[in-house]
Amino acid sequence: MIRFLLALLVVFIPALGRAEAPAASPEISPGGIAFTLLRLPGNKDVVLTAAWPTGWAYREDVNQAAPIVGTRLILSGGAEGYPAGEVIETFADLKAEARLYLTAQDHVIGEIVTRKENVPAVVKIANAHLRAPTLDEGWFARIRDGVAQSMAEARARPSHAGFDAVRWAVFADQPLRSALSLDAPGVFGELTRKDVAAWHRETFTRRPEAVVVAGDIDAEAAGKAVDALLAGLPDNAPALSRQARADFTPRRILLHLPDAQVTSLAFIAPLPPTRLGGEVEDLILTGALGGEKGVLFDAVRTRLRASYGFAAGFSNYTRESRVLFVAGEVESGRLAEVEEVVRDAFAAFRKAGPGGDLAARKAPLRAQFAKMPDFVLDVARAELQSALDGFQPGRSLRLAAEFDAVTEESLRARLAGAFPGAGDFIVIAVSPDGNAMPNACVITTPEQAADCR
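*Asks:* Give me helix α12 (residues 358–370): which residues, what numbers.
*Replies:* Its 13 residues place the ends of α12 18 Å apart at the C-alpha level, agreeing with the 18 Å of an ideal helix rising 1.5 Å per residue. Burial in α12 covers these residues: L358, K362, L365 and F369. Buried residues in α12 make contact with α9 (279–289), α14 (399–404) and α15 (408–418). Of the residues flanking the start of α12, the one acting as N-cap is D357, its side-chain oxygen 3.0 Å from the backbone nitrogen of A359.

*Asks:* Can you tell me about the packing of aromatic side chains, naming the residues and giving the values?
*Replies:* All told, the structure shown has six aromatic pairs when counted by the stated rule. Ring plane angle 85° and centroid distance 5.6 Å describe the contact between W199 and F204, whose orientation is recorded as edge-to-face. For W199, a relative accessible area of 0% corresponds to the buried category. The class of F204 is buried, set by a relative accessible area of 1%. When the ring of F346 is compared with that of F425, the centres are 5.1 Å apart and the planes differ by 85°; the resulting orientation is edge-to-face. Remark: F425 occurs in the loop between α15 and β11 (426–431) and F346 occurs in helix α11 (residues 335–352); sequence separation between them is 79 residues. The exposure classification of F346 matches that of F425, with both residues buried. Through a chain of ring-to-ring contacts, three or more aromatic side chains come together here, namely W52, W199 and F204. Note that R322 overlies the ring of F314, its terminal NZ or CZ placed 4.5 Å from the centroid. The residue whose ring lies beneath R395 is F391, and the NZ or CZ to ring-centre distance is 4.1 Å.

*Asks:* Can you explain the environment of R131? Please cite residues and give values.
*Replies:* Following the sequence through the fold, R131 ends up in helix α3 (residues 119–131). Classification of R131 as partly exposed rests on a relative accessible area of 30%. Sequence separation between R131 and R201 is 70 residues, and the spatial gap between their C-alpha atoms is 9.1 Å. With residues near it in sequence (within four places) discarded, R131 still touches E80, H200, A231, G232 and L233. A polar atom in the side chain of R131 sits 3.2 Å from the side chain of E80.

*Asks:* Pulling in residues and values, what's your account of the sheet that holds strand β3 (residues 45–53)?
*Replies:* An order of β1-β2-β6-β3-β5-β4 is seen for the six strands of this open sheet, with the pairing classed as mixed. Edge positions in the sheet fall to β1 (23–28) and β4 (97–103), since each of these pairs with one other strand and no more. The mean inter-strand angle of the sheet, taken between neighbouring strand axes irrespective of direction, is 15°. Bridge count between β4 and strand β5 (residues 107–115): seven bridges; the pairing is antiparallel. Counterpart to R99 in the pairing with β5 is E111.

*Asks:* Before we move on, can you summarise the side chain of T114 with the specific residues and values?
*Replies:* Inspection of the secondary structure assignment puts T114 in strand β5. By relative accessible area, which is 1% here, T114 ends up buried. Sequence-distant contacts of T114, defined by excluding residues within four places in its chain, comprise K44, D45, V46, L94, K95, A96, V119 and V122.

Calculation notes
- Per chain, residue numbering runs from 1 following the sequence as it is written.
- In keeping with the model being predicted, local features are shown solely for residues with a pLDDT of at least 70 and side-chain atom pairs are shown and tallied solely at 80 or more, while totals for entire chains, interfaces and linings include all residues.
- Values shown for side chains rest on all heavy atoms present in the structure; no hydrogens or waters enter the calculation.
- Working definition: helices are DSSP H or I runs of at least four residues, strands are E runs of at least two. Numbering for both runs from the N terminus.
- Multiplying one less than the number of residues by 1.5 Å gives the expected span of a helix.
- We call a residue buried when its accessible area falls under 20% of the maximum for its residue type, exposed when it is over 50%, and partly exposed in between, using a 1.4 Å probe and counting protein chains only.
- By definition, residues are in contact when any of their heavy atoms lie within 4.5 Å.
- In protein, a polar contact requires one atom able to donate a hydrogen and another able to accept it; more generally it is a pair of N or O atoms within 3.5 Å, and residues adjacent in sequence count only if both atoms are side-chain atoms.
- A pair of aromatic rings is counted whenever rings of Phe, Tyr or Trp (Trp by its six-membered ring) have centres within 6.5 Å, and the orientation is called stacked for planes under 30 degrees apart, edge-to-face for over 60 and tilted otherwise.
- Definition used: whenever NZ (Lys) or CZ (Arg) falls within 6 Å of the ring centre and also within 35 degrees of the ring normal, the charge is taken to sit over that ring.
- Strands qualify as paired when DSSP identifies two bridges or more between them.
- Axes here mean lines fitted to C-alpha atoms, for a helix over just the part in contact, with angles spanning 0 to 180 degrees between N-to-C directions.

Structure follows, in structure tokens:
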């Protein structure tokens, strides 16, 4: 799964004059932990990254803010032998970075980046924070309140409210929707340190679903680092239940917000999960669809002589629930026109394909992925996501070849077999004009979208 790479590209100094080619191999640590080793001769940095499975977002009996606060608190709130806040300065002295974050609600990702000679010291510190975090009460309150404020500011934006409405339409009042939006009454105010501690105990074990070590490091040293990182954690794998119903029935919804300064329009429809392949084609197709030179931008500029354009891309609610989106800002008085133009342009695109010079479309993306082995964190992230999708070790080193294999025929097949039809979208508009979208389901709060049919 490579969808995070273009957004999360981290700039590291590349290894120059590499004498050996990068290579990938499946390995087993001395402690019995399976991992993928990406041998990257010449890189100064080493990355250890792991993915712990979680089903927290699907549960009704928990506070859904615990994971987002917990991922920020564990490394900041102290640990056995390490006062709260100290790790930030210590890692800086060691030229190291560490982070925890959620991905697609189904995994917690942990990453360590450091110089090869500092791996043992950095892993020891990270292990202490994973194994025995203090979860300092002062740091907990600071992080909780900061996240709550950020979410409140985001919800105040009309475009954010539109995507909240879509989540209500798709998932209604299921726990997953609450985990995605973090808008339940009291979700932050009622969150306690005990909630975060419970989430921590359920999440971090010696059995991540996938582990990747990348850099100029051999299998023996990498295996020792993996065991040291996971030492002392529970050896059991958590029992997970990830039950959620997604309703992508096409609907047209107008969220009427009288105070909105602009009108936004978005189209949302499901795509197959990345474990089934086709993501390279999706990158090319969404690039041809959106952007300044995309089909939609050209259609809006040509037919409506408008100065705005539409973005296109794909994202995930969960690893199994993946969506295509088309979104942009429009003039309130021309919302109905723009909706028709976008639908017509998408229908023509799906039928005819992107057109133009395919080699030129592939070249920028291929070049980025061909250089990926020079950027140790990016290639480790790509490898971890591919491992979670069930691909063979080393896929991150073969992504340029995947672009080489794309043809006009494979793009047309992807459009016909995986992309929605023009009438298969949930359409959501946010506007100060309650009459801007004729015959739509008009609502005044995002949660009312659950009743639009």
